[in-house]
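A closer look at the structure
Letter by letter, the chains look like this.
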Amino acid sequence: MKRAINTVATLASTPRVRTECTVLIAAAMLAATLPAIAQTGAGAGGELQQKVAAVKQSVAENQQKLHQYKWTETTQLTLKGDPKPPSQSACQYGADGKVQKTPMSAPPPPPSGGRMKQKVIANKKEEMKDYMGQVKALLALYVPPDPQKIQQAVQAGKVSLNPPAGGVAQIVFTDYALPGDKMTIAFNTEAKKIASVNVNSYLDDPKDVVTLAVEFASLPDNTNYVQKTVLDASAKKLVVTTTNSDYLSLAAH
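Residues numbered from 1 in each chain as written. Predicted model: local features only at pLDDT ≥ 70, side-chain atom pairs only at ≥ 80, totals over all residues. Heavy atoms only, no water.

A few points about the overall build of the protein chain
When helices and strands are counted, the protein chain shows 4 helices and 11 strands. Sequence-distant contacts, at least 24 apart, represent 43% of the contacts inside the protein chain between residues at least 6 apart. In the form shown here, the protein chain has an accessible surface area of approximately 15,900 Å², with 58% of it arising from carbon and sulfur atoms. (Helix = DSSP H or I, 4+ residues; strand = E, 2+ residues; numbered from the N terminus. Contact = heavy atoms within 4.5 Å. Areas by Shrake-Rupley, 256 points an atom, 1.4 Å probe, with all protein chains shown as cover.)

Structure below.
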């Protein structure tokens, strides 16, 4: 027995065998570590899947509830630091599932001055109207979050989860609606509601940066809704603030 032990010790002391032993030990340590790493990764992925599923369910349920309401939308434009008169619309969902808006504000007075000045003002208004159309179309890509786009982002591996703080989880989506964009959903894990959404996106050109901050609130029946959105189109020096208020149940009328 002593001779066998001495033989093994002698072999292990040789460079070649010592190297082989080191490799075997390293392989054994790696084999023992991999299951733990896999389990940790699976746990993190499982938590992300749970949070994403909860967000999708919350969006679907609240959108269904909001179809039973009408409300007032107030839009305030600030162009190059100059606030424009706010406009209001009466809103409710139509049979096609889209929000129908009826203007409540009086139309602006026609421009004064000579024919040339009126033409210049009319052209600027038309240009701004077209731009606002693009802005609204961009806004619709993110608000409310689309469960189908959320699932596509998950399948593409474009979603990450930041550790919850104060009961609110930060779920980050990249390339959500446009290449290079970023959307962060703050989700209250206890109330199962979206608290806020922040978006970094753009219009036609990635240089035409647009940021969007969305605040959510709850109605008395616990329905979650978009209370306020602030869209900042820095290239145009335009800020669009939209507030939703005066929610009334259609069932009560």
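Notes on the pattern of salt bridges
Across all of its chains, the model carries 5 salt bridges by this definition. Among the salt bridges present, the one from K101 reaches E73, with a minimum N-O distance of 2.9 Å. Here E73 lies in strand β1 (residues 69–79) and K101 lies in strand β4 (residues 99–103), a separation of 28 residues in the sequence. Accessibility expressed as a relative area gives 12% for E73, which makes it buried. (Salt bridge = Lys/Arg side-chain N within 4 Å of Asp/Glu carboxyl O. Buried < 20%, exposed > 50% of the residue type's maximum accessible area, 1.4 Å probe, protein only.)

Regarding the confidence of the model for the protein chain
Predicted confidence across the protein chain gives a mean pLDDT of 81, with 77% of residues reaching 70 or more. When the criterion is pLDDT under 50, residues 1–44 qualifies, and its contacts beyond four places in sequence or with other chains add up to 4 contacts. (pLDDT = per-residue confidence, 0-100.)

Concerning the environment of T102
With respect to the secondary-structure elements, T102 resides in strand β4. Judged by its relative accessible area of 49%, T102 is partly exposed. Taking C-alpha positions, T102 is 8.5 Å from Q88, a pair spaced 14 residues apart along the chain. Not counting residues up to four positions away in its chain, the partners in contact with T102 are Q88, S89 and A90.

What about the packing of aromatic side chains?
Throughout the structure, instances matching the rule amount to 6 aromatic pairs. On the numbers, 5.9 Å between centres and 50° between planes, the contact of W71 with Y93 is tilted. Residue W71 is located in strand β1, and its partner Y93 is located in strand β3 (residues 87–93); the two are separated by 22 residues in the primary sequence. Across the pair, Y93 and W71 agree in class, each one buried. Pairwise contacts between aromatic rings join Y69, W71, Y93, Y225 and Y247 into one cluster. (Phe/Tyr/Trp six-rings, centres within 6.5 Å; stacked < 30°, edge-to-face > 60°.)

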